[in-house]
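Notes for the structure review
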Amino acid sequence: MTAKPLGVRVRQNATTLSFLAPALIGIAVFFLYPLVSAVYFSFTKFDLLSVPKWVGLDNYKRMADDPFLLQSVRNTLWMVVVFVPVRIVAAIGLSMLLTQLKRGAGFFRTIFYLPALVPPVAATIAFVYLLKPGTGPVNHFLEKIGIDGPLWFNSPAWAKPSLVLLGLWAIGDLMIIFLAGVLGVPESLYEAAELDGANAWHRFWSITVPTIRPVILFAAVTGVIYTLQYFDQAAVAGSIASGQATVGGGIASNFGYPEGSTFTYPLWLYTVGFGYHALGYANALAMALFVVALGITVILLRRAKAFSGEES
Amino acid sequence: MNKRMPHALFALVTAGLLVTACTPATKENKIADPGTAVSGTVELWHFFTEREADAIDSVVKDFQAGHPNIKVTVKSGQDDSKVTQAIGAGNGPDIGLSYSTDIVGKFCASGAWVDLTQYINRDKVDLNQLNATTRSYTEYDGKRCAMPFLADAYGMFYNKDLFAKAGIDGPPKTLDELAEDAKKLTVRNPDGSLKTVGFLPLYDFYENSASHLAPTVGAKWLTDDGKSAVGTDPAWKTLITWQKSLVDWYGYDKLTKFRAGLGDEFSADNAFQKGQVAINIDAEFRLAFLKDQATNLKYGVAPIPTADPARYGGGYVTGNIVGISKNAKNPEAAWELIKYLTTDDAAVIKLSGLLKNIPTTTKAIADPTLNSDADFKTFIDIFTNPNSSTSPPSSSGPAYQDTFAKFLTDFQAGKVKDIDAGLAQADKQINSVMTLGG
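Residues numbered from 1 in each chain as written. Chains lettered and ligands numbered in written order. Predicted model: local features only at pLDDT ≥ 70, side-chain atom pairs only at ≥ 80, totals over all residues. Heavy atoms only, no water.

1. Section: the state of the cysteines
Residue and element names in this part refer to chain B. Note the threshold: When two cysteine sulfur atoms are found within 2.5 Å, that pair is recorded as a disulfide. Only DSSP runs of H or I covering at least 4 residues are called helices, and only runs of E covering at least 2 are called strands; the numbering of each starts at the N terminus. Partly exposed describes any residue whose relative accessible area lies between the buried limit of under 20% and the exposed limit of over 50%, with all areas from a 1.4 Å probe on protein chains only and scaled to the type maximum.
Per the stated rule, a full pass over the model turns up one disulfide over all chains. Shown here is the disulfide that connects Cys-108 with Cys-145, its sulfur atoms set 2.0 Å apart. Because the sign of the S-S torsion sets the handedness, a value of about -95 degrees for the bond joining Cys-108 and Cys-145 places this disulfide among the left-handed ones. Placement of the pair is Cys-108 in helix 4 (residues 104–110) and Cys-145 in the loop between strand 5 (143–144) and strand 6 (147–159), with a sequence separation of 37 residues. You'll find Cys-108 and Cys-145 in the same group, each marked buried.

2. A closer look at the domain arrangement of chain B
Residues and elements named next belong to chain B. Defined as follows: Note: domain ranges come from an automatic or database domain assignment. By definition in these notes, contact holds between two residues if any of their heavy atoms fall within 4.5 Å. Accessible surface is computed with a 1.4 Å probe, and the buried area is the amount of it that two parts give up when combined, taken over both parts together. Within this document, salt bridges are pairs made up of a side-chain nitrogen of Lys or Arg and a carboxyl oxygen of Asp or Glu, the two lying within 4 Å of each other.
Partitioning chain B into domains gives domain 1 (33–152 + 317–384) and domain 2 (154–316 + 393–434). Averaged C-alpha coordinates put domain 1 and domain 2 at centres separated by 30 Å. Domain 1 puts 23 residues into the contact, and the matching count from domain 2 is 24 residues. Here domain 1 and domain 2 share an interface that buries about 1,800 Å² over both sides, 62% of which is from carbon and sulfur atoms. Three residues stand out in domain 1 for area buried against domain 2, namely Asp-102, Phe-379 and Ile-382, and they jointly supply 34% of the buried area on that side. Here domain 1 is connected to domain 2 by one salt bridge. With its nearest N and O atoms 4.0 Å apart, the salt bridge here joins Asp-373 to Lys-291.

3. Some points on the packing of helix 5 (residues 120–130) of chain A against helix 7 (residues 159–169) of chain A
All names here are of chain A. So the rule is basically this: All axes here are fitted lines through C-alpha atoms, helices being fitted over the stretch that makes contact, and every angle between N-to-C directions spans 0 to 180 degrees. What sets the label is the angle itself: under 35 degrees gives roughly parallel, over 145 gives roughly antiparallel, 65 to 115 gives roughly perpendicular, and the rest give oblique. Take the far helix as your reference; a near helix turned counterclockwise from it by less than a right angle gives a left-handed crossing, and one turned clockwise gives a right-handed crossing. By the convention adopted, Pro, Cys, Tyr, Trp, Phe, Met, Ile, Leu, Val and Ala count as nonpolar, Lys, Arg, Asp and Glu as charged, and the other residues, Gly among them, as polar.
One can describe the packing of helix 5 onto helix 7 by two numbers: an axis separation of 11 Å at closest approach and a directional angle of 125 degrees. Taken as axis vectors, helix 5 and helix 7 run oblique relative to one another. Considering only the axes of helix 5 and helix 7, their crossing is right-handed. Contact with helix 5, carried on its side by Ala-123, Thr-124 and Phe-127, involves Leu-165, Leu-166 and Trp-169 of helix 7 and no other residues of that element. Within the contact of helix 5 with helix 7, the residues separate by chemical class into five nonpolar, one polar and no charged.

4. Focus: empty space enclosed by the protein
Test applied: Of the grid points, spaced at 1 Å and generated over the protein atoms alone, those admitting a 1.4 Å probe that cannot get out make up cavities, while open sets with protein on both sides within 12 Å along at least five of seven lines make up pockets; any residue with an atom within 4 Å of a point is treated as lining. Grid points are joined across faces, edges and corners, and a volume is the space filled by probe spheres set on the points.
Inspection of every chain in the model, using the stated rule, returns four cavities of 30 Å³ or more. Forming the walls of the largest cavity are Arg62(A), Asp65(A), Asp66(A), Pro67(A), Phe68(A), Trp268(A), Tyr281(A), Thr403(B), Gln429(B), Ser432(B), Val433(B) and Leu436(B). Mapped by element, the contributors of at least two residues to the lining of the largest cavity are helix 3 (67–100) of chain A together with helix 19 (419–434) of chain B. When grouped by side-chain class, the residues that make up the lining of the largest cavity number six nonpolar, three polar and three charged.

5. Describing the environment of Thr110(A)
All names here are of chain A. With respect to the element layout, Thr-110 can be found in helix 4 (residues 105–113). Here Thr-110 falls in the partly exposed class, since its relative accessible area comes to 46%. A sequence separation of 166 residues divides Thr-110 from Tyr-276, and the C-alpha atoms of the two residues are 44 Å apart.

6. A word on the interface of chain B and chain A
Often, the extent of an interface is quoted as the loss of accessible area on bringing the components together. For the record, the criterion: What qualifies as a polar contact is a pair of N or O atoms within 3.5 Å, subject to a donor-acceptor requirement within protein and to the restriction that residues adjacent in sequence count only when both atoms come from side chains.
Facing the 51 residues of chain B at the interface are 44 residues of chain A. Carbon and sulfur atoms supply 59% of the area buried between chain B and chain A, which totals about 4,100 Å² over both sides. Viewed at the interface, chain A and chain B are joined by three salt bridges. A salt bridge links Lys106(B) to Asp47(A); the nearest nitrogen and oxygen atoms lie 3.3 Å apart. The tally of links from chain B across to chain A stands at 14 residue pairs in polar contact (both at pLDDT 80 or more). In terms of residue count, the dominant contributor to the side of chain B that touches chain A is helix 1 (residues 5–21) of chain B (seven residues). A class-by-class count of the residues in the side of chain B that touches chain A yields 23 nonpolar, 17 polar and 11 charged.

Laid out in structure tokens, this is it:
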């Protein structure tokens, strides 16, 4: 085989590059530049208003002695450990139920999916008012049947479970993905298992779960990343429940209500960056979040491969 | 060596250089000679919306009538984050009007807002016509980068019907009297839960923040050298011990349960307006809400009670602030408008009347029309009282207050067993967080 002339090769490379250029420019401007900026600023003292000052590892050292960071990490980890598995289990359960329906499956699919279309801020406001002790209909109903309802978003013990409840209500997006996975399991496998005497649980555990494992992995990875960035619902729920939703001044004063129980890592990052104008430290926090998200994703992927017998 | 490495390194270095090149640089600001005619367009960003934005437009219209060569472009609904980002990106508005004195430290220290001293000296503006507290929160480290644009004074609102029912003659003047009256005014349900609360002392309830309560004991936030004073100023211990004792009398759980059922502070369901809470800490702006949303409520206003009767009459003072961006396109016209909005007595009186906030110049404070409303006058008196105070500007904004607020919410919940150790720890954390600002 003979090598192509230099001119042809240059022309071919130029053509390839011209096709790739829009994507490359996009990656450079919207991914590479912000990423490198974040890394650079994390080693500086920077307030967005004056020239950044190089401070070496000071921002990273500060993390070791930051009480708000510790609190926000605790809350975020709680959400990752509880919210992600609960959401996956609920989405699988719901999709399994939907596959069992003989009639009206389309109707119920739509009904269950609809909440996922509601903007998170609007959904959170509605949830806080529905669950509001004293005036909300949920506790009013519970009272009617003799149950003294919890304080939901106003209780440090119940605030995070209430956020999980809100997340479960808007589970439609995940449910649709699992539904596609469950419907993709070959019917012949179930029939063969049934002939072998497998009950419903055995069929689910030995056929459905292994078949939809890639979907579970996808849900776990995206769920962890989503939860590590959990911001909107925590910010809105804390502010509304504190009764200070419309207060203009002060950023952190009503974040995390009650008693810091809804104060997640991204809320602290936002407060540091835009409340205290400490963009250097905020970027260090963002880098730490990036590394943790990447680490958890790698671990999940490796464990999933090991679990399925593939080489890691 | 990996063949791709040089390309990756090149990309990283290029991006790094870009990052450095795209960060803000400082700029020398020269002002015009005295008497130079000012003209051109000036852009004003403020945070007001709806009725309040109309008030700003009205006063800006008056300004333009007297300054036909200056055209003012007004953008409403702009918060501090947007102003900060615009200045950082080199495209800040000529004038920014903020609701928060918390940004003064950062904006002065960083030079995001220019030092106004040169304009003030050139135009011989007498700063002594401005209330002393407002002067203190509009400068930082000797640099005057802002001017006060009306103010808020905090006092006490009390429900006259509930007071009469409980047999209380008038508003409490000391913290002990406040606790005593609060207990008399509180009504419990048969099951022991709270039906009406005399005074809801939780720090994270409505306006009960530490900064608003500090004047009750004359507590200081910072020492003269800018360090945290919360652990060393005994006034804080007096306040938080008093507050905890009242919280414990109610029962923390009972209070949180009662509070959970209350409406939003700035809605018609405000607990004071609904008669669920008999005494509330609030500012003069509540008067407009009461007039609008609770016409049947019989209420009175008074200064907040104090630990030491000699300190009675003062309260917490804060306000809106206004300054010129370092990258203002027309700083001379910007200063002309700021001078008008903050030192022209007629303009200040008009703004105060429209926005129902406290005026800041000596003549406007004494204006007979504004003082004709007895309730509003109470707040003007609090504003001018020498015992009134504010929270000091810091280059890390409200970080020191937020850090202390965390300690206070833990303390009132009973999570802090040793108050002295807790305050010492809070001191340490505040000193640490304050270094974020430089």
